[in-house]
Amino acid sequence: QQQVKQSPQSLIVQKGGISIINCAYENTAFDYFPWYQQFPGKGPALLIAIRPDVSEKKEGRFTISFNKSAKQFSLHIMDSQPGDSATYFCAAPLSGSARQLTFGSGTQLTVLP
Amino acid sequence: DAGVTQSPTHLIKTRGQQVTLRCSPKSGHDTVSWYQQALGQGPQFIFQYYEEEERQRGNFPDRFSGHQFPNYSSELNVNALLLGDSALYLCASSPQGNYGYTFGSGTRLTVV
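Residues numbered from 1 in each chain as written. Chains lettered and ligands numbered in written order. Predicted model: local features only at pLDDT ≥ 70, side-chain atom pairs only at ≥ 80, totals over all residues. Heavy atoms only, no water.

Q: How should the overall build of chain A be read in this particular structure?
A: What chain A contains, in helices and strands, is 0 helices and 11 strands. The helix and strand sequence of chain A, counted from the amino end, reads β-β-β-β-β-β-β-β-β-β-β. For 113 residues, the compact-globule estimate of 2.2 N^0.38 gives 13 Å, and chain A sits close to it at 14 Å. Each principal axis of the C-alpha distribution contributes one length, and for chain A these read about 45 × 30 × 20 Å. A separation threshold of at least 6 residues defines the contact pool for chain A, and within that pool the share at least 24 residues apart is 52%. For chain A, the accessible area works out to roughly 5,400 Å², and carbon and sulfur atoms hold 49% of it. Treating the 10 positive side-chain charges of chain A as one cloud and the 7 negative ones as another, the clouds have centres 3 Å apart. (Helix = DSSP H or I, 4+ residues; strand = E, 2+ residues; numbered from the N terminus. Rg over C-alpha atoms; globule rule 2.2 N^0.38 Å. Contact = heavy atoms within 4.5 Å. Areas by Shrake-Rupley, 256 points an atom, 1.4 Å probe, with all protein chains shown as cover. Lys, Arg positive; Asp, Glu negative; His and termini not counted. Charge placed at Lys NZ, Arg CZ, Asp CG, Glu CD.)

Q: What am I meant to see in the state of the cysteines here?
A: Here, the word disulfide means a covalent bond between the sulfur atoms of two cysteines. Residues and elements named next belong to chain A. Applying the stated rule across the entire model yields 2 disulfides over all chains. Between the sulfur of C23 and that of C90 lies a disulfide, 2.0 Å long from S to S. As the torsion about the S-S bond is roughly 60 degrees, the C23-C90 disulfide counts as right-handed. In this pair, C23 is assigned in strand β3 (residues 19–25) and C90 in strand β9 (residues 86–93), connecting sequence segments 67 residues apart. Here C23 falls in the buried class, since its relative accessible area comes to 2%. (Disulfide = S-S within 2.5 Å. Buried < 20%, exposed > 50% of the residue type's maximum accessible area, 1.4 Å probe, protein only.)

Q: Please clarify how the pattern of salt bridges should be interpreted in this entry.
A: Side chains bearing opposite charge may pair, as long as their charged atoms lie close to each other. Counted under the stated rule, the structure contains 5 salt bridges over all chains. A salt bridge links A:E59 to A:K57, with the shortest nitrogen-to-oxygen separation between them at 3.6 Å. (Salt bridge = Lys/Arg side-chain N within 4 Å of Asp/Glu carboxyl O.)

Q: What is the right way to look at the pairing of strand β4 (residues 33–38) of chain A in this model?
A: Along any regular strand the residues' side chains alternate between the sheet's two faces. Residues and elements named next belong to chain A. Among the 6 residues of β4, 6 are classified as buried, and the element is accordingly described as predominantly covered. Burial along β4 is two-sided: F33, W35 and Q37 facing one way and P34, Y36 and Q38 facing the other are all buried. In the sheet, β4 pairs with strand β5 (residues 45–50) via 5 bridges, with the strands oriented antiparallel. Within β5, the residue paired with Y36 across the bridge is L46. Remark: 6 residues form the turn of the hairpin made by β4 and β5, two consecutive strands paired antiparallel; G41 in that turn has positive phi of roughly 80 degrees. As paired strands, β4 and β9 are joined by 4 bridges and run antiparallel to one another. Looking at the pairing, Y36 lines up with F89 of β9. (Pairing = 2+ DSSP bridges.)

Set out below in structure tokens:
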């Protein structure tokens, strides 16, 4: 089963700082790369996603940077806020026709006030 | 517009028992997927249902089975529960062939 490798496992950032989470994938046929945000007691929620035909996508304070040659993509959270404190997961499609996702192991982000 | 609804929210079962978890998809979604999320880990794909049939299955034993009803709601059944089955079970729905999954808040299963 294809895997995505996510780092770091945990991250502590001061309010207003930049949070950066990285993800590496294996299969060059992947065509969709999302980031999910999960708060305690809740299910993951789609935060932002990118297709491999672009190198960057920005939505508000959240940006995905995509490096196809390195098979890596990263999430940047600008002006990090305490409300951003959550667990973040990268994901990539599983092989097969059902368009399922395989998730990274998660990064627990803490933004200090 | 209700999102994905899962029931129950919490459940405690004894090893060897059987459990059924339920999921109602988001309005307009016809595909339901189930994931298992162990503490401190990412969700792991169990299986997906579309048109009342299992479309794809992850690396889970046959003790895990499911069902989808004509109204697109779904059940996850786990037989012969093991301590290692303790986890958060997540249901995600989407329009068929679309990556845009909406997750429910999950059912926290504890096996003792």
